[in-house]
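Working through the structure, step by step
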Amino acid sequence: MRRDWADLLERSEQATPFSTLAYAEAVRDVLGLDYRLAGVYDNDSDGERLIGGVLCYEKPLGPYRRVVVPPLTAYTSFLFDPPLRETDINHRRSPLDALIELLEEHYHALSFLLHPSLSDVRAFQWAGWQVTPRYTQRLPLDTSTEVHAGWSSSTRRAFRKHDSSFPVETRASERTARQAADLCAASYARHDDTPPLPPERMAAFARRLQETGLVRFFRVRNQKVNEIEGALAALHDEDAAYYWLVGSRPGPAMTVLLGAALRDLVGDGLSQFDFVGANTPSITEFKRRFGPELISYFRVEHATRPEMHLLDTVRRLR
């Protein structure tokens, strides 16, 4: 099935670095969440072919089997190829319906973040799942235009003013990973929020993914004081990059860092940059000034046991 999953990743519109087994194994080894692959096969003239599937990250709670979204994971999406047909969804006989039935038989509580291309979520609603819209921002990367062509005028001015004073470095090391994690944690603290993981675990996660080729580090240095003021660990595949683990001190450092990172990513042939979330007003406004498109996607959740549903309700009320 590992070979079949790799083949489905090559074919599916929903494939992202978050769907790779290298990412799943980093989650298992660093974050301690085991995973399973759930799949639906079809028989054709060439034999069995995997046409749909999903990575399930397991976090048991006593006797209950749960599927959760790991920290720092933007998508835990179902993958399909060929694409789902509307008539199959209407008759509740699609590969998605088969996966929903399989998952409900095996788990007591489930939660997934769908890829934006899975915009038809009626199969989940008809099966009694909770469906919640979420938002992200995506920026097309085009070698035929200047990277700052769609930026706001204030962002362009800030980048041009400070670009020469804040050189950007692309250094991969444990120190860079920890700098990104510490700056990320400090950014959460300034918003009176808790980071998704302690800094040392964020750094270990980023370093592990860098070693597999899924993460690229960028950091920006303030030349006046010779200190790192911003860092970005960008998760990526051959097509798209993701604003994954990031933080900076207040000031122009993040604008310069993002501008330089986008310039490098365009030069390497990537076609899209996902800002990974547009759900916090002030942060979303900062990202908007780089000219991305607002995109919706969905979180889907279900509890097959009433006590698990009650526990989820209490968690939401906190």
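These numbers come from a predicted model, not from an experiment. (Residues numbered from 1 in each chain as written. Predicted model: local features only at pLDDT ≥ 70, side-chain atom pairs only at ≥ 80, totals over all residues. Heavy atoms only, no water.)

**Description of the pairing of strand 5 (residues 109-113)**
- Here strand 5 lies mainly inside the structure; five of its five residues are buried.
- Going residue by residue along strand 5, you find A109, S111 and L113 tucked away on one face and L110 and F112 tucked away on the opposite face as well.
- Judged from the five bridges that link them, strand 5 and strand 12 (residues 293-303) form a sheet pairing that is antiparallel. Following the sheet pairing, F112 is matched in strand 12 by V300. (Buried < 20%, exposed > 50% of the residue type's maximum accessible area, 1.4 Å probe, protein only. Helix = DSSP H or I, 4+ residues; strand = E, 2+ residues; numbered from the N terminus. Pairing = 2+ DSSP bridges.)

**Re the environment of F217**
- Inspection of the secondary structure assignment puts F217 in strand 8 (residues 215-222).
- When the C-alpha positions of F217 and A233 are compared, they lie 4.6 Å apart, and in sequence the two are 16 residues distant.
- Those residues in contact with F217 that sit more than four places away from it in its chain are E169, T170, R171, A172, S173, T176, A177, A206, R207, Q210, L232 and A233. (Contact = heavy atoms within 4.5 Å.)

**A few points about the nonpolar core**
- Counting 46 residues, the largest nonpolar core has Y23, F205, L209, L235 and W244 as the members making the most contacts within it.
- For this core, the secondary structure elements donating two or more residues are helix 1 (2-11), helix 2 (21-31), strand 2 (47-58), helix 7 (174-190), helix 8 (199-211), strand 8, strand 9 (227-236) and strand 10 (240-248).
- With residues near it in sequence (within four places) discarded, Y23 still touches P17, F18, Y57, P71, L72, T73, F205, L209, L214, L235 and W244. (Core = buried A, V, L, I, M, F, W, Y, C linked by side-chain atoms within 4.5 Å.)

**A word on the confidence of the model for the protein**
- Per-chain confidence: the protein averages 92 in pLDDT, with 97% of residues scoring 70 or above.
- Averaged over each element, pLDDT in the protein is lowest for helix 11 (residues 306-317) (68) and highest for strand 4 (residues 79-80) (98). (pLDDT = per-residue confidence, 0-100.)

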